[in-house]
Each structure stands twice: as C-alpha cells, then as structure tokens.
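# Observations on the three-dimensional arrangement
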Amino acid sequence: MKTYDLIQPGFCYTQGMANYVKEPFRIKMVEPLMATTREERERYLKEAHYNLFALRSEWVSIDLLTDSGTGAMSSAQWAAMMQGDESYAGAAGYYKLEEAVQDIFNYQYMQPVHQGRAAEKVLFPIFLKPGMVSLSNMHFDTTRGHVTLAGAEAVDLVCEEARMTGTYAPFKGNMDLERLKDYLAKAAAKVGVIIMTLTNNSAGGQPVSLANLKAVSEIAKEYKIPLVIDAARFAENAYFIKQREPEYKDASIKKIVRACFQLADCFTMSAKKDAIVNMGGLIGIREDRELFEKVKINTVPMEGFITYGGLAGRDLEALAIGLYEGIDPNFLHYRIAQVEYLGEGLKEIGIPIQYPCGGHAIFVDARELLPHIPYYEFPAQALALELYLESGIRSCDVGSYMLDLDPETGEQLEAEMEFTRLCLPRRVYTQAHLDEIIRAFAKIKEKAEQIKGYKIIEQAPVLRHFTAKLEPIK
Ligand SMILES: *Cc1c(COP(=O)(O)O)cnc(C)c1O
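Structural notes, computed from the coordinates.

Analysis parameters
- Residues numbered from 1 in each chain as written.
- Predicted model: local features only at pLDDT ≥ 70, side-chain atom pairs only at ≥ 80, totals over all residues.
- Heavy atoms only, no water.
- Helix = DSSP H or I, 4+ residues; strand = E, 2+ residues; numbered from the N terminus.
- Rg over C-alpha atoms; globule rule 2.2 N^0.38 Å.
- Buried < 20%, exposed > 50% of the residue type's maximum accessible area, 1.4 Å probe, protein only.
- Contact = heavy atoms within 4.5 Å.
- Areas by Shrake-Rupley, 256 points an atom, 1.4 Å probe, with all protein chains shown as cover.
- Lys, Arg positive; Asp, Glu negative; His and termini not counted.
- Charge placed at Lys NZ, Arg CZ, Asp CG, Glu CD.
- Salt bridge = Lys/Arg side-chain N within 4 Å of Asp/Glu carboxyl O.
- Phe/Tyr/Trp six-rings, centres within 6.5 Å; stacked < 30°, edge-to-face > 60°.
- Lys NZ or Arg CZ within 6 Å of the ring centre and 35° of its normal.
- Expected span 1.5 Å × (residues − 1).
- Polar contact = N/O pair within 3.5 Å; in protein donor to acceptor, adjacent residues only side chain to side chain.
- Pairing = 2+ DSSP bridges.
- Axes fitted to C-alpha atoms, helices over the stretch in contact; angles between N-to-C directions.

## What about the overall build of the chain?
When its secondary structure is counted, the chain shows 15 helices and 12 strands. Against the globule reference of 23 Å for 474 residues, the chain gives a C-alpha radius of gyration of 22 Å, in line with a compact fold. The dimensions of the chain, computed from C-alpha atoms along their principal axes, are 60 × 55 × 45 Å. Within the chain, the fraction of its 474 residues that count as buried is 57%. In the chain, the share of contacts with a sequence separation of at least 24, taken over all contacts with a separation of at least 6, comes to 73%. Per element, the accessible surface of the chain, about 20,200 Å² overall, is 53% carbon and sulfur. Looking at the chain, you have 53 positive and 64 negative side-chain charges, and the mean spots of the two groups are 2 Å apart.

Right, dumping it as structure tokens:
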C-alpha cells in the first residue's frame, strides 16, 4: 500500500483538482491543542461511554464534529464586536445587517434570530398547519423537527444520484423533479411549503444547481406554494454553481447568490455556517410585506424584540461582516479546495468516500471500509471511535447509530448509508492538520479487519445519539 508520507509537497492528485490552496489570511490569535496519549484516550472514551458528544473538547486534538459555529472570526469581525450597540431597540447593528441582506440577497426584509432552528420555529407555523406536508430536496434534522412540531409531515425528494456514493455527479443535492411533480399532481392541496436546502447537508454537503432551483421555483409558482431556501451554506453552493454549471462560470459569487434567491420567496439561515459567526441566524423575505409582519409577530415572544432577535448587538455586527466574508471568492476557493484536498488524500490511500466531495465535510463510507461490522453494531460509529483512539481526532456517525429505534416495533433501523462525517470548521485548521487526518486513516486501514462493533446499553427515545451510552463488543 502506498503510504501517505511518500506523497510529495505540491503533489497533484487525479484530475489535478486538489492542490492545497494557501490560506487567504494570516493567523493573529492562536489556541493550543492538547496532546494526549493513546492510553489517556482509551480512558476518556470509557468515561464518555463511547459517545463522542460526551468528550470534553480539551481531550480532542483536531475537532471535526461539526462546522457549525466552530469557524474563526476575522479581525474585522472582532473589531466590530467591540463597537456593538447594545440598545434594546434600534441598535446600529440591525441596520447594518439589513443593508447587507438587501445588498447580497436583494431581499427587502430580514429578521435576525439566535440560530437556524429559531428561524424555522418562527417561520414554519405560518406556512404549515396540522395535516399539511413540507416537500424538500432533504430536510435537515432540525428542519424536519420544526415541520413535525407544526403538526405537518416532512417528505424528502432528493435525486437518485445522491445514493450512489462512489459515482461522480455534479449536483447530487438536487430535487428529483419527476417525484416532485408526481407528488403535487396527487396531493398539492396538502403541501404548505417547498424547502430547498443549499447545499444539501444530509446528502453529504452536495450542491443544488441553479437549473434545478429554477425548475422547482416554476413548479412552486404554478401551484402557488411558497418556496423557502434553507440557506445555511448558500455561499458554498454558489461556488459549486460557478465551478460546475458552465453558464455561470464567469458570474460573480454575489450575482449567483442573487440569481438563486430571486427564485424563492424567503429563506431561513443558520449563520453559524457560511456567515462565519459562532452564534446567529436569519430569516429573509424577498418582498412579501404581509409575511414580514407575521414573522415579526412570532419573533417577539419567541426570540426577543425585532431589532435584536435573540442576539447581542455585537453579534449583529459580526454577522453583517461575516455574510460578506463568506462570499469572498478567494475564501471560497481556498475553503472548497481544502475539503477536496482532504477527500482526494483519503481516496488516494483507498478510503471510500461520498464522491465528489461536499462543501463542508468528507463523508467516509464505513460500510465499505468495515464490511464485517453489521449495521446493528454501528460501523460508522465504530470508525469514528477508532479515529479518536488512533489520533485524538473527533468526527461523528451519520448512519444507523444516528437513527432512533423504530417507534412501533422497537427495532434497530438500518440507515441507507453508513457515513463517518469529517466536518471542517472554517479558517481553523491548516494543511498539516489535514495530512494528520489522512495519516490516521492510513493506519486505521491497515487494521480495519480488527475493528470491532459496538452495542448500546442506554438510550433516549429521540435523538439518542447525543446522549446514548455504548460498549465495545468483545
Ligand atoms: C445547521 C443547519 C440548520 C440548523 O441551524 P442551527 O443554527 O444549528 O440551529 C438548518 N439547516 C441546515 C441545512 C443546517 O446545516
């Protein structure tokens, strides 16, 4: 087997796409990473009952648990934080944020909220009543949760290509248009909203094409159903459109963002992703003043007065700047290339991944790497635990372990895909960190057959993966 150490600096991978692009910034503030021994890590994992969410972050070397709220803010953002206006009503940050949303998205109205799920909580009950349906290319967990809380049903209609992990397709995040049309032909009256998630997080950070979004928008208009964009990774999605949709190769990121958002009626956004803040969220409304009034009415009791919406004044300032830094083409070029570098490096040493790489994370196909571990012994969780034991790197399971038991039969469900997810925080880790991740996988691959599965000894009825206790199978 080729060891990763032999790869020369500047090595060009297959397709020549994955050269490491140098960081378009320099480092001004640092945070030490703690080194741990394998013995210590064995003890920490045992104490955490083999649940990676129960680990203290100080026991982790490279933390790939999530890209949500884990990015590094810029000196411009920190400087703006110091100038935050903490007035209860009419704070300066609110108006800066409004201006940024109007400029970037060409939307007339916006409402800050404390994070993405708060935007869902405020907006969805306006569109969804008990018995109704929400259609999406794929609902994110919290999105599905708030659809359900509104009494409605969440239906995913992602395209077929999303399931073929080893096969290249440029836009695996797309909506399956035929299934969408079929559904509407049968039951349009029940459908309260159509949600397009950009990028498609649950399908592996896979992008949605502008052509697909256009087609969905036309269908939504035909049936007079509001179209909402779940905009957490709107900038990464725009970058993929520029890269892969020939029509837009010369368009600026901002122009592509505007073209996408003109097709929808409103958006919900977790600003903890592409807008590079540690906490924050947004609702954007293109032009519907009546809808904006309803949003404001819900926001006051749920999130706080409209000009702060659950955030401190300083957070509004950082967010207004983060929206611009997130669409900077130099930043996006580096960001997407960094994820690709990790993915291509893993492929190079024979680790199976969802391909092509997503925008924010690499999804390792644990079923293929550990075929001897059945789904009910959680191969993707076993791989995540082994990665921590081997190197102190924290990742997470997006597979059968993440699914709850069948509420009717109490049986363990089998996930369609068993992924170990490696999420890259924005502007945090360097090339050497990525090489260390690849080296850790090279070691794991050598002893893959010896890796054992796990069993759950304690679990909550819903969202069990955050708190469950596990034990290795002897
Ligand atoms: C993170 C995320 C959310 C929820 O946002 P929070 O800020 O975590 O509440 C919703 N949709 C998508 C696609 C996300 O990635």
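## Focus on the pattern of salt bridges
Under the definition given, this model contains 28 salt bridges. As a salt-bridge pair, Asp 103 and Lys 254 come within 2.9 Å of each other at their nearest N and O atoms. Here Asp 103, found in helix α3 (residues 92–105), pairs with Lys 254, found in helix α9 (residues 253–261); they are 151 residues apart in sequence, far enough to count as distant. Among the residues examined, Lys 254 registers a relative accessible area of 30% and is labelled partly exposed. Here Lys 455 and Glu 471 are joined by a salt bridge, their closest N and O atoms 3.9 Å apart. Residue Lys 455 is found in strand β11 (residues 454–458), and its partner Glu 471 is found in strand β12 (residues 469–472); the two are separated by 16 residues along the sequence. Its relative accessible area of 41% is what places Lys 455 among the partly exposed residues.

## Quick word on the packing of aromatic side chains
Inspection of the entire model under this criterion finds 21 aromatic pairs. Between the aromatic rings of Tyr 50 and Tyr 454, the centroid separation amounts to 5.5 Å while the plane-to-plane angle is 45°, which identifies the pairing as tilted. Taken together, the residues Tyr 50 in the loop between α1 (38–47) and α2 (75–82) and Tyr 454 in strand β11 connect sequence positions 404 residues apart. Among the residues examined, Tyr 50 registers a relative accessible area of 13% and is labelled buried. Seen from their ring centres, Tyr 94 and Tyr 95 are 5.1 Å apart, and the 90° between their planes marks the pair as edge-to-face. A relative accessible area of 6% means that Tyr 94 is categorised as buried. Through pairs of rings, three or more aromatic residues link up here, namely Phe 105, Tyr 107, Phe 234, Phe 261 and Phe 267. The aromatic ring of Tyr 355 is capped on one face by Lys 347, whose charged end is 3.5 Å from the ring centroid. When the ring centre of Phe 331 is taken as reference, the NZ or CZ atom of Arg 427 above it lies at 5.9 Å.

## A look at helix α10 (residues 289–302)
Helical periodicity: at 3.6 residues per turn, an α-helix aligns residues three or four positions apart in one direction. Compared with an ideal rise of 1.5 Å per residue, which puts 14 residues at 20 Å, α10 spans 20 Å between its outermost C-alpha atoms and is within 8% of the ideal. Those residues of α10 that fall on the buried side of the exposure criterion are Leu 291, Phe 292, Val 295, Lys 296, Asn 298 and Thr 299. Check the buried side of α10 and you find it contacts α3, β1 (109–113), α4 (116–127), β6 (266–270) and β7 (281–285). Where α10 begins, the capping side chain belongs to Asp 288, and its oxygen is found 3.1 Å from the backbone nitrogen of Glu 290.

## With respect to the sheet that holds strand β10 (residues 419–423)
What the 3 strands build is an open sheet, ordered β8-β10-β9; its pairing is antiparallel. At either margin of the open sheet sits one strand with a lone partner, and together these are β8 (361–365) and β9 (396–398). Across the sheet, the mean angle separating the axes of adjacent strands is 35° when strand polarity is ignored. In this sheet, β10 lies alongside β9 in antiparallel orientation, the contact comprising 3 bridges. Bridge assignment links Cys 396 to a residue of β10, and that residue is Arg 421. Running at roughly 45° to β10, helix α14 (residues 379–391) makes contact with β8, β9 and β10 of the sheet.

## As for unusual backbone geometry
A cis geometry characterises the amide bond from Leu 198 onward to Thr 199, with omega recorded as -25°. Among the secondary structure elements, Thr 199 is positioned in the loop between β4 (191–197) and α7 (210–223). Between Tyr 355 and Pro 356 the backbone carries a cis peptide bond, its omega angle lying at 0°. By secondary structure assignment, the location of Pro 356 is in the loop between α12 (329–348) and β8. In this structure, Asn 106 is a non-glycine residue whose phi angle is positive, near 60°. Along the chain, Asn 106 turns up in the loop between α3 and β1. Classification of Asn 106 as partly exposed rests on a relative accessible area of 36%. Notably, Arg 427 is not glycine yet its phi reads approximately 65°, a positive angle. Topologically, Arg 427 is positioned in the loop between β10 and α15 (431–446).

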